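# Geometric and topological summary
So you can see what is in the structure, the chains are spelled out below.
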Amino acid sequence: MHHNAIHIQNLDYTYPDGTPALRGINLSIHPTERVAIVGANGSGKSTLLLHLNGLLSPQGGSIQVGEWQIQPQSLKQVRSEEHTSELQSPYVISYAVFC
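The sections below set out a description of the structure shown in this document. From a predicted model like this one, the values you see are computed outputs, not experimental measurements. (Residues numbered from 1 in each chain as written. Predicted model: local features only at pLDDT ≥ 70, side-chain atom pairs only at ≥ 80, totals over all residues. Heavy atoms only, no water.)

## A word on the overall build of the chain
Summing up its helical and strand segments, the chain has 3 helices and 4 strands in all. In sequence order, the secondary structure elements of the chain are arranged as β-β-α-β-β-α-α. Counting the 99 residues in the chain, one finds 36% classified as buried. Once local pairs closer than 6 in sequence are excluded, the contacts in the chain between residues at least 24 apart make up 53%. Looking at the chain as shown, the accessible area adds up to about 6000 Å², and 52% of this sits on carbon and sulfur atoms. (Helix = DSSP H or I, 4+ residues; strand = E, 2+ residues; numbered from the N terminus. Buried < 20%, exposed > 50% of the residue type's maximum accessible area, 1.4 Å probe, protein only. Contact = heavy atoms within 4.5 Å. Areas by Shrake-Rupley, 256 points an atom, 1.4 Å probe, with all protein chains shown as cover.)

Here it is, written out as structure tokens:
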């Protein structure tokens, strides 16, 4: 498995029912670095991971994995690249983040 840096800048997301989930999240995770995402129920941990997998799209801000911006129009290309194969399953990146 290849390792890519993850950069999140000013990530915002509100659920369709109006519930705010993420506000101005900034995070950089360097290759081979291990990070634990912890917090209370409802604090946005799962929502953040859904964004890293491209299952949710940011309403504001950006997410970059390696050289790729994570956005709906680029997901097919991103997932087809050998060096970003960890994005193909929502569980793989979750385990990688929580190891």
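So, next bit.
## Examining helix 1 (residues 45-52)
Inspection of helix 1 places Thr 47, Leu 48, Leu 49, His 51 and Leu 52 among the buried residues, and these make up the whole buried set. Phi turns positive, to about 80 degrees, at Gly 54, one or two residues after helix 1.

## Re the nonpolar core
Judged by nonpolar contacts, the single largest core of 17 residues is most densely connected at Ile 6, Ile 8, Leu 11, Leu 52 and Ile 63. Those elements giving two or more residues to this core turn out to be strand 1 (6-14), strand 2 (20-29), helix 1 and strand 3 (60-65). If one sorts the elements of this core by residue count, strand 1 sits on top with 4 residues. (Core = buried A, V, L, I, M, F, W, Y, C linked by side-chain atoms within 4.5 Å.)

## Details of the sheet that holds strand 1
Spatial strand order, 2-1-3-4: 4 strands in an open sheet with antiparallel pairing. The sheet is open, and its two edges are formed by strand 2 and strand 4 (68-69), each paired on a single side. With respect to the sheet, helix 1 is in contact with strand 1, strand 2 and strand 3, its orientation differing from that of strand 1 by roughly 120 degrees. (Pairing = 2+ DSSP bridges. Axes fitted to C-alpha atoms, helices over the stretch in contact; angles between N-to-C directions.)

## Some remarks on the pairing of strand 1
It is a general feature of regular strands that their side chains alternate between the two faces of the sheet. Where strand 1 lies against strand 2, 6 bridges are found, and the strand directions are antiparallel. Looking across to strand 2, one finds that Thr 14 is bridged to Pro 20. Pairing of strand 1 with strand 3 involves 5 bridges; the strand directions are antiparallel. Looking at strand 3, one finds that Asp 12 is bridged to Gly 60.

## Side note on the packing of aromatic side chains
Summed over the entire model, instances satisfying the criterion amount to 1 aromatic pair. With 5.0 Å between their ring centres and 90 degrees between their planes, Tyr 13 and Tyr 15 make a pair best called edge-to-face. The exposure class assigned to Tyr 13 is buried, which follows from its relative accessible area of 8%. According to the relative accessible area criterion, Tyr 15 is partly exposed, its value standing at 28%. (Phe/Tyr/Trp six-rings, centres within 6.5 Å; stacked < 30°, edge-to-face > 60°.)

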